[in-house]
Amino acid sequence: MGSVAMDSDYGAARELSSLQKQRALYLPTLPPCLQGTAVRVEYGGAAITADSGDAHVIGRVFPRTYGQPLAHFLPKTTSVPDAAIVTKHPVVRVGVVFSGRQSPGGHNVIWGLHDALNAHNPSSKLIGFLGGTDGLFAQKSLEITNEVIASYKNQGGYDMLGRSRDQIRTTEQVKAAMTTCQALKLDALVIIGGVTSNTDAAQLAETFAELKCLTKVVGVPVTLNGDLKNQFVETTVGFDTICKVNSQLISNVCTDALSAEKYYYFIRLMGRKASHVALECALQSHPNMVLLGEEVAASKLTIADITKQICDAVQARAEKDKYHGVVLIPEGLVESIPELYALLQEIHALHDKGVSIENISSHLSPWASALFNFLPPFIRKQLLLHPESDDSAQLSQIEIEKLLAQLVEAEINKRLDEGTYKGKKFNAICHFFGYQARGALPSKFDCDYAYILGHVCYHILAAGLNGYMATVTNLKSHVDKWECGAAPITSMMTVTGWSRGPAASQIGKPAVHMASVDLKGKAYELLRKNSSSFLMDDIYKNPGPLQFVGAGAEAKPISLCVEDRDYMGRIKQLQDYLEKVKSMVKPGCSQDVLKAALSSMAHVTELLTIMSSPSYSGQATI
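The rules behind each value
- Residues numbered from 1 in each chain as written.
- Predicted model: local features only at pLDDT ≥ 70, side-chain atom pairs only at ≥ 80, totals over all residues.
- Heavy atoms only, no water.
- Helix = DSSP H or I, 4+ residues; strand = E, 2+ residues; numbered from the N terminus.
- Buried < 20%, exposed > 50% of the residue type's maximum accessible area, 1.4 Å probe, protein only.
- Contact = heavy atoms within 4.5 Å.
- Polar contact = N/O pair within 3.5 Å; in protein donor to acceptor, adjacent residues only side chain to side chain.
- Salt bridge = Lys/Arg side-chain N within 4 Å of Asp/Glu carboxyl O.
- pLDDT = per-residue confidence, 0-100.
- Pairing = 2+ DSSP bridges.
- Patch = residues over 30% accessible without salt bridge, like charges linked within 9 Å, V, L, I, M, F, W, Y side chains within 5 Å.
- Areas by Shrake-Rupley, 256 points an atom, 1.4 Å probe, with all protein chains shown as cover.
- Axes fitted to C-alpha atoms, helices over the stretch in contact; angles between N-to-C directions.
- Parallel < 35°, antiparallel > 145°, perpendicular 65-115°, else oblique.
- Left-handed = near helix turned anticlockwise from the far one by under 90°.
- Disulfide = S-S within 2.5 Å.
- Expected span 1.5 Å × (residues − 1).
- Phe/Tyr/Trp six-rings, centres within 6.5 Å; stacked < 30°, edge-to-face > 60°.
- Lys NZ or Arg CZ within 6 Å of the ring centre and 35° of its normal.

Digging into the environment of S124
Structurally, S124 can be placed in the loop between α3 (106-120) and β5 (125-129). According to the relative accessible area criterion, S124 is buried, its value standing at 7%. Considered as a pair, S124 and T170 are 46 residues apart in the sequence and their alpha carbons are 31 Å apart. Among residues more than four places away in sequence, those in contact with S124 are P90, V91, V92 and L117. A polar contact of 3.1 Å, which involves the side chain of S124, links it to the backbone nitrogen of V92.

The following block contains the structure:
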């Protein structure tokens, strides 16, 4: 085994409060499909990408791992004739690494995997890599035992193992990862992370298969942004906790605003390229306004447009003698505003050319220079920061909420001078609710979800699958109705480029990309339906502090509950319909029933044939 850094506290026992000790005693319940010692797996057809137009590109880049079948794990009471049943569980060695930003619930993935390994063969070993992927490359590891995991059960953070950089991408990194897996004789490597980390997991799985490395690679959807959503993944570990914690903070601010009646609060929330957190928090806490990056990008709203929109809202509230309010802003909004996005593009291009931060402003084009000089000094300094590893701006450092508050204040003062606004002086208070929630104690939902995903990882390994992501669907139902399975990571890919903002260009490189808020989806529709009353009626709602037991403990994300994303559930529903048709249409049925069945099935078959063709470009969102 690799060495352990002696000066680190990785894996050290935590000092727990009484509440944390009580939480550590909670053992999540496994759904029926994960109970027992046998692994029963039903394979579907080849799992292909949602956009069939990308299939040939993805298949060419991932010839060994694209087009693998969807796997569905079955309860022991289920009778499926062609299901594979694994009853022998040899000793295995499994590695696990945190890749990406910390997200509440990450430790429970490791706990679930540890318990599954012990349940099927106590001699198996789970090896955690210290300091994230840097530890993977350097073979710095720690064996996960009952003693190590004991004080991390149902707790927040990533401090049991730690994390560092967010990638396994370069040739040198992939080679180092494979060297570690071979040196430690790992049967599987489990990578816990979001869209970027799982893209890297897919590439690692493909490379291992090509080079005949025996280590299987498994991905787990863990990211607080909730942007790893597709036809197989309903939500991610950590999203529920982040939204619950932030919603309480927002609600507290709402109550303060309503009590003081003289402040407008501009609150920036996490949400880099997608506004899922802002949307969910708005549905839970009912602030007066929420700006979604997807809305701004779709409508091509400028800074001036957004400023006017907020000022008009302030003026409308003033006419009802309301001089307070709460506005939610996702941190990714800065890259959704066309002119700021274009300015960032120029700045980042100059970074790439080696222009120093001190000289960038003098190298900007005339229009970009004019915009740059218009902006307040604090925002100029923040826009000049070096971009992240995925070439996006350092959004956590850019105070877009402070910029908007200043612009709104200036416009309101202008309207006061012109006599078009007759209200009181505008007072703004700005907050960034980001890091307060990242290390939060996970919600009961995230504890259950993460622990169960850890067990699913073992089932994937037992089935001998490589390049798959652990999945759980029907999450809005009780845990005993959760459906567990695995989908090839390549089936979640598209070839849309990594470039920032609404004008992202297609570069033909397959990757798992973030899912934007669906502006035609039911969650967004619910927000729009209530936006007028949110704005004017102050119907603030306080979900209270995060509950692990009692009232509120079983609450799940509103956006999850209103959407219908249970892919496997709908597959089963379709199979039930087909079975009913078979039972009703058989020798002896009436001519009318036969005619109706033939006509309907012919139409359905024709429609599905057209939709399944590579040239079809009108895919509906699943």
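Text resumes after the structure shown.
With respect to the pattern of salt bridges
Should their charged atoms come close, side chains of opposite charge can pair. Scanning all chains against the criterion turns up 15 salt bridges. A salt bridge links R317 to D538; its shortest N-O distance comes to 2.9 Å. Of this pair, R317 sits in helix α11 (residues 303-318) while D538 sits in the loop between α19 (522-537) and α20 (558-562); the two residues are 221 residues apart in sequence, bridging distant segments of the chain. Here R317 matches D538 in class, with each residue buried. Across the salt bridge formed by E579 and K582, the nearest N and O atoms sit 3.9 Å from each other. Of this pair, E579 and K582 are both found in helix α21 (residues 567-584), three residues apart, which corresponds to roughly one turn of the helix. E579 sits in the partly exposed class, given a relative accessible area of 47%. When its relative accessible area of 55% is taken as the criterion, K582 is described as exposed.

Some remarks on the confidence of the model for the protein
Of all residues in the protein, 94% have pLDDT values of 70 or greater, and the mean over the chain is 91. Contacts for the low-pLDDT stretch residues 617-622, under 50 throughout, to residues beyond four places or in other chains number eight contacts.

A look at the pairing of β5
In terms of burial, β5 is largely enclosed, as four of its five residues are buried. Pairing between β5 and strand β6 (residues 141-143): three bridges, direction antiparallel. Residue F129 lies in a different strand from β6, and its bridge partner there is S141.

Details of the sheet that holds strand β12 (residues 428-433)
Judged by pairing direction, the sheet is parallel, and its four strands sit side by side in the order β10-β11-β9-β12 without closing on themselves. Whereas interior strands pair on both sides, the edge strands pair on one side only; in this sheet they are β10 (289-290) and β12. Bridge count between β10 and strand β11 (residues 325-330): two bridges; the pairing is parallel. By the bridge assignment for β11, M289 is matched with V327.

Details of the side chain of S197
Mapped onto the elements of the fold, S197 is located in helix α7 (residues 195-210). Taking the relative accessible area as the measure of exposure, S197 reaches 4% and is therefore buried. Separated by 2.7 Å, the side chain of S197 and the backbone oxygen of S99 make a polar contact. Residues within four places of S197 in sequence aside, it is in contact with S99, G100, D166 and I191.

Structural notes on a nonpolar patch on the surface
Residues L574, Y577, L578 and M601 make up a contiguous nonpolar surface patch of roughly 380 Å² in combined accessible area. In terms of residue count, α21 provides more of the nonpolar patch than any other element does, three residues in total. The residue L578 is located in helix α21 in this model. Overall, the relative accessible area of 39% leaves L578 in the partly exposed class.

Considerations on the packing of α11 against helix α16 (residues 400-418)
Running from N to C, α11 and α16 cross one another at 60°; their axes reach a closest spacing of 9 Å. Our classification of the angle between α11 and α16 gives oblique. Classified by chirality, the crossing of α16 by α11 is right-handed. Two secondary-structure elements touch here, α11 through I303, I306, T307, K308, I310, C311, D312, V314 and Q315 and α16 through L404, L407, V408, E411, I412 and R415.

Here we look at the side chain of Q284
Examined against the element boundaries, Q284 turns out to sit in helix α9 (residues 276-285). With a relative accessible area of 9%, Q284 lands in the buried category. Looking at Q284, its side chain comes within polar contact range of the side chain of S247, at 3.3 Å. Once residues within four sequence positions are removed from consideration, Q284 is found in contact with C243, K244, S247, K541, P543 and I558.

Digging into the sheet that holds strand β13 (residues 468-473)
One open sheet holds the ten strands; their spatial order is β3-β1-β2-β14-β13-β8-β7-β4-β5-β6, and the pairing between them is mixed. Every other strand in the sheet has two partners, leaving β3 (84-86) and β6 as the edge strands with one partner each. Ignoring which end each strand starts from, the neighbouring axes of this sheet average 25° apart. By the bridge criterion, two bridges tie strand β2 (residues 69-73) to strand β14 (residues 483-488) in an arrangement that is antiparallel. Each bridged residue has a counterpart across the sheet, and for H72 the counterpart in β14 is G485. Against the sheet, α7 makes contact with β7 (188-193), β8 (216-221) and β13, and its axis sits at roughly 170° relative to β8, the strand it touches most. Contacting β1 (39-46), β2, β3, β4 (93-98), β7, β8, β13 and β14, helix α18 (residues 444-462) runs over the sheet at an angle of about 135° to β13.

Some remarks on the state of the cysteines
Where two cysteines share a covalent bond between their sulfur atoms, that bond is called a disulfide. Within the structure shown, the criterion is met by zero disulfides. C484 supplies the cysteine sulfur nearest to C33, a cysteine that is in no disulfide, at a spacing of 3.4 Å.

Quick word on helix α8 (residues 239-260)
The end-to-end C-alpha distance of α8 is 31 Å, a good match for the 32 Å that 22 residues give at a rise of 1.5 Å each. E261 lies just past α8 and shows a positive phi near 60°.

Quick look at the packing of aromatic side chains
Where two aromatic rings form a pair, the distance of their centres and the angle of their planes describe that pair. Taken as a whole, this structure holds ten aromatic pairs when the rule is applied. Taken together, a centroid distance of 5.3 Å and an interplanar angle of 25° make the contact between Y264 and F426 stacked. With Y264 in strand β9 (residues 264-269) and F426 in the loop between α16 and β12, this pair connects stretches of sequence that are 162 residues apart. Grouping residues by exposure puts Y264 and F426 together as buried. One Lys or Arg, R23, reaches over the ring of F548 and ends 4.1 Å from the middle of that ring.

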